[in-house]
Amino acid sequence: MSEKPEKLIDKKGIRSDGRKADELRPLKLEVGVLPNADGSAYIEHGKNKILVGVFGPREMHPKHLSQSDRMVIRCRYHMAPFSVQERKSPAPSRREVELSKVVREALEPSVFVDLYPRSGIDVYIEVLQADGGTRCASITAASLAIADAGLPLRDLVVGCAAGKIDDTVVLDLYDAEDKLGAADVPVALMPNLNAVTLLQMDGILTPTEFETALNMAVEGCKKIYVIQKEALRAKYMTAKEELKEEVEE
Amino acid sequence: MPVFFEKKQLVTPGELLAEGEYLAGENTYLEGNKVYAQRIGLADAENKKVNVVALRAFYVPKPGDIVIGTVTEVGFNGWTVDIKSPYTALLRASDVLNRPFKPQNDELSQVLNAGDLIVAKIASYDRAHDPQLTVSEPGLGKITRGQIMHVTPTKIPRVIGKKGSMISQIKQATGCQIILGVNGVVLVTGKTTEDEELAIMAIEKIEAESHTTGLTDRITQLLKEEKAKLEEKKNE
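Fair warning: this is a prediction, and the values are worked out from it, not measured in the lab.

(A) Just the overall build of chain B, in detail. Within chain B, the secondary structure is distributed over six helices and 16 strands. Each of the three principal axes of chain B carries a C-alpha extent, and together these read 65 × 60 × 25 Å. Burial status across chain B gives 37% buried among its 236 residues. Considering only contacts in chain B between residues 6 or more positions apart, those separated by 24 or more positions represent 53%.

(B) Local environment of the confidence of the model for chain A. All names here are of chain A. On average, residues of chain A carry a pLDDT of 92, and 93% of them reach 70 or more. Of all secondary-structure elements in chain A, the lowest mean pLDDT belongs to helix H4 (residues 207-248), at 83, while strand S4 (residues 72-79) reaches the highest, 98. In the model, residues 243-249 has pLDDT below 50 throughout and makes five contacts with residues more than four positions away in sequence or in other chains.

(C) A look at the domain arrangement of chain B. Under the domain assignment used here, chain B contains domain 1 (10-54), domain 2 (66-142) and domain 3 (147-235). The C-alpha centroid of domain 2 of chain B is placed 37 Å from the C-alpha centroid of domain 1 of chain B.

(D) Quick peek at the sheet that holds strand S7 (residues 49-54) of chain B. All names here are of chain B. Strand order in this open sheet of four strands is S1-S6-S7-S3, and the pairing throughout is mixed. If you trace the sheet from one side to the other, it starts and ends with strand S1 (10-11) and strand S3 (23-24), each paired once. Taken together, the two bridges between S3 and S7 define a ladder with parallel strand orientation. Paired with Leu-23 across the bridge in S7 is Lys-49.

(E) Quick look at the interface of chain B and chain A. Taken residue by residue, the interface counts 25 residues in chain B and 27 residues in chain A. Residues that form the side of chain B that touches chain A fall into these classes: eleven nonpolar, eight polar and six charged.

(F) Spatial organisation of the sheet that holds strand S14 (residues 147-150) of chain B. Residue and element names in this part refer to chain B. With respect to topology, three strands assemble into an open sheet ordered S14-S16-S15, the strand pairing being antiparallel. At either margin of the open sheet sits one strand with a lone partner, and together these are S14 and strand S15 (177-180). For this sheet, the mean angle separating the axes of adjacent strands, direction not counted, is 20 degrees. Bridge count for S14 against strand S16 (residues 185-189) is four bridges, and the pairing is antiparallel.

(G) Structural context of the pairing of strand S3 (residues 48-59) of chain A. All names here are of chain A. The buried fraction of S3 is high, at nine of twelve residues. Here strand S2 (residues 39-45) pairs with S3 via seven bridges, running antiparallel. Note that in S3 the partner of Tyr-42 across the bridge is Leu-51. Remark: two residues form the turn of the hairpin made by S2 and S3, two consecutive strands paired antiparallel; Gly-46 in that turn has positive phi of roughly 60 degrees.

(H) Local environment of the pairing of strand S12 (residues 129-134) of chain B. Residue and element names in this part refer to chain B. In this structure, strand S10 (residues 89-92) lies alongside S12, joined through two bridges in parallel fashion. Looking across to S12, one finds that Leu-91 is bridged to Leu-133. Examined bridge by bridge, strand S11 (residues 117-126) and S12 share four bridges and lie antiparallel to one another. When the bridges of S12 are listed, Asp-126 appears paired with His-129. The hairpin turn running from S11 into S12, its antiparallel successor, is two residues long.

(I) Just the confidence of the model for chain B, in detail. Model confidence for chain B is summarised by a mean pLDDT of 91, while 100% of its residues fall at 70 or above. Interface predicted TM-score (ipTM) for the complex: 0.88; the corresponding pTM is 0.91.

(J) Quick look at the packing of helix H4 (residues 165-174) of chain B against helix H6 (residues 215-235) of chain B. Residues and elements named next belong to chain B. One way to put it is that H4 packs onto H6 with a least axis distance of 11 Å and a crossing angle of 10 degrees. With respect to their mutual orientation, H4 and H6 come out roughly parallel. Residues Ser-165, Met-166, Gln-169, Ile-170 and Ala-173 of H4 touch H6, and the partners they reach there are Thr-216, Ile-219, Thr-220, Leu-223 and Lys-227. Here the contact of H4 with H6 is built from residues that sort into five nonpolar, four polar and one charged.

What counts and how
- Residues numbered from 1 in each chain as written.
- Chains lettered and ligands numbered in written order.
- Predicted model: local features only at pLDDT ≥ 70, side-chain atom pairs only at ≥ 80, totals over all residues.
- Helix = DSSP H or I, 4+ residues; strand = E, 2+ residues; numbered from the N terminus.
- Buried ≥ 20, exposed ≤ 12 C-beta atoms within 10 Å, placed from the backbone.
- Contact = placed C-beta atoms within 7 Å.
- pLDDT = per-residue confidence, 0-100.
- Domains from an automatic or database assignment.
- Pairing = 2+ DSSP bridges.
- Nonpolar A, V, L, I, M, F, W, Y, C, P; charged D, E, K, R; others polar.
- Axes fitted to C-alpha atoms, helices over the stretch in contact; angles between N-to-C directions.
- Parallel < 35°, antiparallel > 145°, perpendicular 65-115°, else oblique.

This is the structure:
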């Protein structure tokens, strides 16, 4: 585990992990990693490692949870016992129940739920390693997994956070910054429609600071969106390349 | 009125496809006067209609479709059938027996049991009701022999080919009977297992290369080569 740095950001504006104020952590996304699931995705966002599996659409079980006019999205955010330094009990904690709801509500507006009434999908989010900003990374990966399952979407949803450390507004907080910093603003966005589906704030910010943080997070989302789209394409890229050859022939 | 894609371009959900007086076709949606993609797939426009041929989708029942399903449960007056769709289908006992069904005379599990495969037609389906199946037509009913394979439902039209050119070619070359369920389940019945495996191999190739042109010729090639190999084996 990284030691707690004395200063989160130095005079030159370099953060304790060597990033600039508006710099994202390295990001890696992969689609279709679980053959048993209908759709799946894997994200590495800094030290975060998260696996998402989507099942469905299928008949809801138990049946009384199904809705006669819409599809139901069920979401489970879960952290593995080994995902953090101190063993985390595998039982769902208060925080996990809350995050499950928050992630579900961030994804719901992107799915055309009214097309397939009485059915349901299950989104299983498994955090293998956590290092701050897991809810945002979960949303990014879960949206990809849902698209991979073949569900109709308005747009992919991207998550990214901004926050305040030592009086500076910065992008994409990692664990130490999240815990020792002054504030955290996670945002989820549908970039093409310019619609925010998640906006939370933990900590204290002035209205102007909040605005800078929000704009910074939105810019971060847009950067991640490019990588996200590329990851989805990569699974079907063979399709595209072969097609190009055909055209050239 | 611009269009923002090239013909057969790979698009992701949420991608802006066209603006202006366009209609949203398959796997697209209209927001204001803008057309966006709903699924990952290949974009295409015909006249004023923008379509996306999905590379990943699931089967949604439509009355009249021929499907292949697995019986999952024997009920009081019928069976529930898994047809690889968000909704499980129902098959009524009276439909299979062709006469009124009396629970005291007929033991349903002797007609069709859980695990049996059937070819059936979707008799009715709408948003509010689960699909109803029927087998009261020639060629429908319980499957007794052959091999089953799965194909992405969106690729079934490609397996059929233009006016059935692709499928009839495979049928001719292998001597197999092939039933294509619109839900992506395919039944191949041939004289020998080798014939069936050859047909399956050809269909798998179609699925993997469904988006390419000149596929029919390549399938002809494949069938020829593999058949020659089989002949050689026989002669040894």
